[in-house]
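The primary structure of each chain is shown beneath.
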Amino acid sequence: MARVVSLTQYLVEKQREKGLIPGELRLLLEVVARACKRISLSVSKGALAGMLGDAGTENVQGEVQKKLDVIANSTLLEANEWGGHLAAMASEEMDEPYTIPNRYPMGEFLLLFDPLDGSSNIDVNVSIGTIFSVLKLPEGISEPKIEHFLQPGARQLAAGYAVYGPSSQLVLTVGDGVASFTLDRETGSWSLTNPRMSIPAQTREYAINASNARHWYPPVRQYVDELLAGSTGSRGKDYNMRWVASMVADVHRIMTRGGIFMYPRDAREPDKPGKLRLMYEANPMAFLVEQAGGAATDGTTRILDIQPEKLHQRVAVFLGSKSEVDHVTALHHKAGAG
Ligand code: AHG
Ligand code: MN
Ligand code: MN
């Protein structure tokens, strides 16, 4: 029988080979993975454990919170607060960062997360997930504040997501490629099932919420028109469309077989640069996608180079197979220059 490599073993071996995962970071990643395992169990119990439906509250962005948004958030907070590896946490579901209670030691890392991504899919039993990003608290800081989180994505030490679908998978990068682990429900462990995920540069699949088409700006409109024209148009091949409406699930498909995912800014609210959040959605996904050989931009700029100004800042996202992301980015540059 093939040897099963656990998450712990993978992390220990990565530290031995490349020195990328010191003990404290390994502890952090294992604790996050354990929390994701708990969230996966809650998700799979669904209505049996009263997990579905609205929580009756709103988050900082004015979105209705689902019960699972709240449960996943507290699962991650409780799992991570006591280990001594974190300085603070920030979440889509919390206005302000969560500082580690005084009774616990403070560590050197900052953890950001979207505890439950794809909220609109919870009640209809479609794949959802958790997204996370790890940064280092700048040297010499003893009281972490929002400004210390505001680091470009290129400074992430690790990032990943868990997708809760037909199986639960944990997809992780520490800056040396991307590995994926499948949750073995019998042993309760995350087992390595793909040591190196890789996104093909070419693709025939795209993902965008086409109901917003009338609000799109010209470069996105032109790009999607080209894809729709298929083999009779300038791109010379037919494309297919997929939109799960859980970023985690759409990105997971792209990590597995390629494609391009788009959530552009549009003319509905010109001051709002897209729907997705930079710090705990776009940055971790951009890090993963680049580490798997793909690309990620906001239309003009590499996502990982953006200097964040706000914790809950939104950003336009184009990510996935390199040839398509480069093409749609070039269309934006051309439109900007014109
Ligand atoms: P969240 O559930 O964390 O608020 O994120 C939802 C996001 C993302 O997962 C998805 O790609 C997008 O919203 C779906 O947007 P539409 O409702 O416009 O399809
Ligand atoms: Mn989300
Ligand atoms: Mn969410």
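Not measured: the values here are computed from a predicted model. (Residues numbered from 1 in each chain as written. Chains lettered and ligands numbered in written order. Predicted model: local features only at pLDDT ≥ 70, side-chain atom pairs only at ≥ 80, totals over all residues. Heavy atoms only, no water.)

Novice: Lay out the coordination of the manganese ion (ligand 3) in plain terms, naming residues and giving numbers.
Specialist: Bound to the manganese ion (ligand 3) are the protein donor atoms Glu92 (OE), Asp114 (OD) and Leu116 (O), situated 2.2 to 2.3 Å from the metal. Considered as a linear motif, the donors of the manganese ion (ligand 3) on their single chain read E-x21-D-x1-L. Relative accessible area serves as the criterion here: at 5%, Glu92 is assigned to the buried category. (Donors = N, O, S within 2.8 Å, 3.2 Å for Na, K, Ca; no water. Buried < 20%, exposed > 50% of the residue type's maximum accessible area, 1.4 Å probe, protein only.)

Novice: Talk me through the coordination of the manganese ion (ligand 2); I want residue IDs and the actual numbers.
Specialist: Taken together, the protein donors to the manganese ion (ligand 2) comprise Asp114 (OD), Asp117 (OD) and Glu281 (OE), at separations of 1.8 to 2.1 Å. The sequence pattern describing where the donors of the manganese ion (ligand 2) fall on their chain is D-x2-D-x163-E. The metal-metal distance between the manganese ion (ligand 2) and the manganese ion (ligand 3) is 3.7 Å, with Asp114 serving as a donor to both. Here the residue Asp114 occupies a position in strand E5 (residues 109-117), and Glu281 occupies one in helix H7 (residues 278-291), the gap between them amounting to 167 residues. What makes Asp114 buried here is its relative accessible area of 0%. (Helix = DSSP H or I, 4+ residues; strand = E, 2+ residues; numbered from the N terminus.)

Novice: Describe the nonpolar core, listing the residues and the values that go with them.
Specialist: Nonpolar side chains in soluble globular proteins generally cluster together in the buried interior. The biggest cluster of nonpolar side chains holds 43 residues, and the ones touching the most others in it are Leu29 and Leu111. Considering every element that reaches this core, the biggest residue donor is helix H2 (residues 23-45), with 10 residues. Judged by nonpolar contacts, the second largest core, of 32 residues, contains Met197, Phe287, Ala292 and Val315. (Core = buried A, V, L, I, M, F, W, Y, C linked by side-chain atoms within 4.5 Å.)

Novice: Could you give an account of the packing of helix H5 (residues 218-229) against helix H8 (residues 322-337), naming the residues involved and the relevant values?
Specialist: At a minimum axis distance of 9 Å, the contact between H5 and H8 shows a crossing angle of 135 degrees. Taken together, the axes of H5 and H8 are oblique relative to one another. Viewed along their axes, H5 and H8 form a crossing whose handedness is right-handed. Contact residues: H5 offers Pro219, Val220, Gln222, Tyr223, Glu226 and Leu227, while H8 offers Glu324, His327, Val328, Leu331, His332 and Ala335. Class assignment of the residues belonging to the contact of H5 with H8 gives a composition of 7 nonpolar, 3 polar and 2 charged. (Axes fitted to C-alpha atoms, helices over the stretch in contact; angles between N-to-C directions. Parallel < 35°, antiparallel > 145°, perpendicular 65-115°, else oblique. Left-handed = near helix turned anticlockwise from the far one by under 90°. Contact = heavy atoms within 4.5 Å. Nonpolar A, V, L, I, M, F, W, Y, C, P; charged D, E, K, R; others polar.)

Novice: Provide a residue-level description of the packing of aromatic side chains, including the pertinent values.
Specialist: The final tally for this structure, using the stated rule, is 3 aromatic pairs. When the centroid spacing of 5.2 Å and the interplanar angle of 80 degrees are considered together, the rings of Tyr10 and Phe181 count as edge-to-face. Of the two residues, Tyr10 sits in helix H1 (residues 7-18) while Phe181 sits in strand E9 (residues 178-184), which places them 171 residues apart along the sequence. By the burial criterion, Tyr10 is buried, and Phe181 matches it. Judged by centre distance (5.9 Å) and plane angle (55 degrees), the rings of Trp243 and Tyr263 are tilted. You can see Trp243 sitting in the loop between strand E12 (240-241) and helix H6 (247-257) and its partner Tyr263 sitting in strand E13 (residues 260-263), a full 20 residues away along the chain. Judged by its relative accessible area of 11%, Tyr263 falls in the buried class. (Phe/Tyr/Trp six-rings, centres within 6.5 Å; stacked < 30°, edge-to-face > 60°.)

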